[in-house]
Amino acid sequence: METMSPLLNIAADLFAVRELGPWLHATVSSTVPEFSADEIVGPIELALHELCINIVEHSYQGAVGSIRLSGARIGDQLVFMVSDIGSAFDGDLGNVRDTQEHTIRGYGLAILQQLASRVDYERVDSANNWRVAFALPSATTSTTTTSTSTTTNTISTNKGMKQ
Amino acid sequence: VSQTSVDSFAVQVQTVTTITAVITVAGRLDAARCSELRVLTESHTQPGLSRMSIDLRNAQFIDSVGLAALVKAMRDSQAVGATFDIVKPSNDDAMRIFRLSKFDEVFDMRDAT
């Protein structure tokens, strides 16, 4: 990792998730100062916001808890680690809702996957660990889908940062 | 006219007659606050309504839960025989969720005049 961002530890509630935006602006400014935070934070904020909302609603299900985030530049990507100690994610990242199916709820993880270059999930002991990577605007390199163990759920797409 | 406003979020019934409801949304339409929009739209989707319009030109951010509230408003409006339209957000961050979900092709969306 080239440059680590300060950690963000937020309560697992819907209002606390709003702290993501200011933290992301600071994180982007410190880790990739050659890019304008105003230009690249928008899609990252929406993606991580959707993940955190999913954690609040499905991992903690209204219980008291916290969500921990960190970010770093790794090569030509911005990589964020998002962790919680709620219930295990029981979905299938490879089979989230098709966003062309116009139903009311269930878009959160589909939006996350559309915006990120790669999303990995792993349950370790009592923790849920998400790794979400975003290609920096000038990077359009491909990644390869891998699933390293039965507790790791990975989806990978080949694209640069989506606006 | 009813209005709620806490932090940067505000939902206001701008115009309401027996046949038309125009509701403006400013700030962040997200999981934390979208219930207020849901309550307003539900209270105005009564038989006899002919049109509901949600003005999002001043919305700064919309998430999937906010989008769901808009979809419900559209379905409730259609259920009472009313048309439903949306004034597009001027902020690209607020417009993003419509493009990604393809709901920009489902809603009747128009630019702010």
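Just so it is clear, the model here is predicted, and its values are computed rather than measured.

**Notes on the pattern of salt bridges**
Following the criterion strictly, the structure yields 15 salt bridges over all chains and no others. With a closest N to O distance of 3.2 Å, A:Glu45 and B:Arg28 form a salt bridge. Of this pair, A:Glu45 sits in helix H2 (residues 37-60) while B:Arg28 is found in strand E3 (residues 20-29), placing the two residues in two different chains. With a relative accessible area of 8%, A:Glu45 lands in the buried category.

**Topic: the packing of aromatic side chains**
What the rule picks out here adds up to nine aromatic pairs over all chains. Consider the rings of A:Trp23 and A:Phe80, whose centres lie 6.0 Å apart with planes at 65 degrees: the pair is edge-to-face. Separated by 57 residues along the polypeptide, A:Trp23 in helix H1 (residues 20-31) and A:Phe80 in strand E4 (residues 77-84) bring together distant segments of the chain. Across the pair, A:Phe80 and A:Trp23 agree in class, each one buried. A centroid spacing of 5.3 Å and a plane angle of 65 degrees characterise the contact between A:Phe89 and A:Tyr121, whose relative ring orientation is edge-to-face. One end of the pair, A:Phe89, is in the loop between E4 and helix H3 (108-115); the other, A:Tyr121, is in strand E5 (residues 118-124), and 32 residues separate them in sequence. As far as burial versus exposure is concerned, A:Phe89 and A:Tyr121 are alike and both buried. One aromatic cluster in this structure is built from A:Tyr107, B:Phe84, B:Phe98, B:Phe103 and B:Phe107. Sitting above the plane of the B:Phe61 ring, B:Arg28 keeps its charged end 4.1 Å from the centroid.

**What to know about the confidence of the model for chain A**
Parts of the model with low pLDDT should not have their predicted coordinates read in detail. Residue and element names in this part refer to chain A. Taken as a whole, chain A shows an average pLDDT of 82; of its residues, 73% reach a score of 70 or greater. Within chain A, the element-level pLDDT minimum falls on strand E7 (residues 152-156), averaging 53, and the maximum on strand E6 (residues 127-135), averaging 97. Throughout residues 140-151 the model reports pLDDT below 50, and contacts reaching past four residues in sequence, or to other chains, amount to 19 contacts.

**Things to note about H3(A)**
Of all eight residues that make up H3(A), eight are buried, and the element is covered over most of its length. The set of residues buried in H3(A) consists of A:Gly108, A:Leu109, A:Ala110, A:Ile111, A:Leu112, A:Gln113, A:Gln114 and A:Leu115.

**A word on helix H3 (residues 92-101) of chain B**
Of all 10 residues making up H3(B), seven are buried, and the element is well covered by its neighbours. Restricting attention to buried positions, one finds in H3(B) the residues B:Ala94, B:Met95, B:Arg96, B:Ile97, B:Phe98, B:Leu100 and B:Ser101. Where the residues of H3(B) are buried, they touch H2 and H3 of chain A together with strand E4 (51-62), helix H2 (64-79), strand E5 (83-87) and strand E6 (108-110) of chain B. Where H3(B) begins, the capping side chain belongs to B:Asn91, and its oxygen is found 2.7 Å from the backbone nitrogen of B:Asp93.

**Quick notes on the interface of chain A and chain B**
How large an interface is tends to be reported as the accessible area lost when its parts come together. Contacts between chain A and chain B engage 23 residues on the former and 24 residues on the latter. Counting each side, the surface lost to burial between chain A and chain B is near 2200 Å², with a carbon and sulfur contribution of 61%. One can count two salt bridges joining chain A with chain B. Across the chain A-chain B interface, the total number found is five residue pairs in polar contact (both at pLDDT 80 or more). The set of elements that each furnish at least two residues to the side of chain A that touches chain B consists of H2 and H3 of chain A. A class-by-class count of the residues in the side of chain A that touches chain B yields nine nonpolar, nine polar and five charged.

**A few points about the environment of B:Arg99**
Residue and element names in this part refer to chain B. Here Arg99 is to be found in helix H3. The exposure class of Arg99 is partly exposed, given its relative accessible area of 31%. Here the alpha-carbon distance between Arg99 and Leu70, two residues 29 residues apart in the chain, equals 14 Å. Only 3.0 Å separates the side chain of Arg99 from the side chain of Asp92, close enough to count as a polar contact.

Quick notes on the rules
Residues numbered from 1 in each chain as written. Chains lettered and ligands numbered in written order. Predicted model: local features only at pLDDT ≥ 70, side-chain atom pairs only at ≥ 80, totals over all residues. Heavy atoms only, no water. Salt bridge = Lys/Arg side-chain N within 4 Å of Asp/Glu carboxyl O. Helix = DSSP H or I, 4+ residues; strand = E, 2+ residues; numbered from the N terminus. Buried < 20%, exposed > 50% of the residue type's maximum accessible area, 1.4 Å probe, protein only. Phe/Tyr/Trp six-rings, centres within 6.5 Å; stacked < 30°, edge-to-face > 60°. Lys NZ or Arg CZ within 6 Å of the ring centre and 35° of its normal. pLDDT = per-residue confidence, 0-100. Contact = heavy atoms within 4.5 Å. Polar contact = N/O pair within 3.5 Å; in protein donor to acceptor, adjacent residues only side chain to side chain. Buried area = accessible area lost by both parts, 1.4 Å probe. Nonpolar A, V, L, I, M, F, W, Y, C, P; charged D, E, K, R; others polar.

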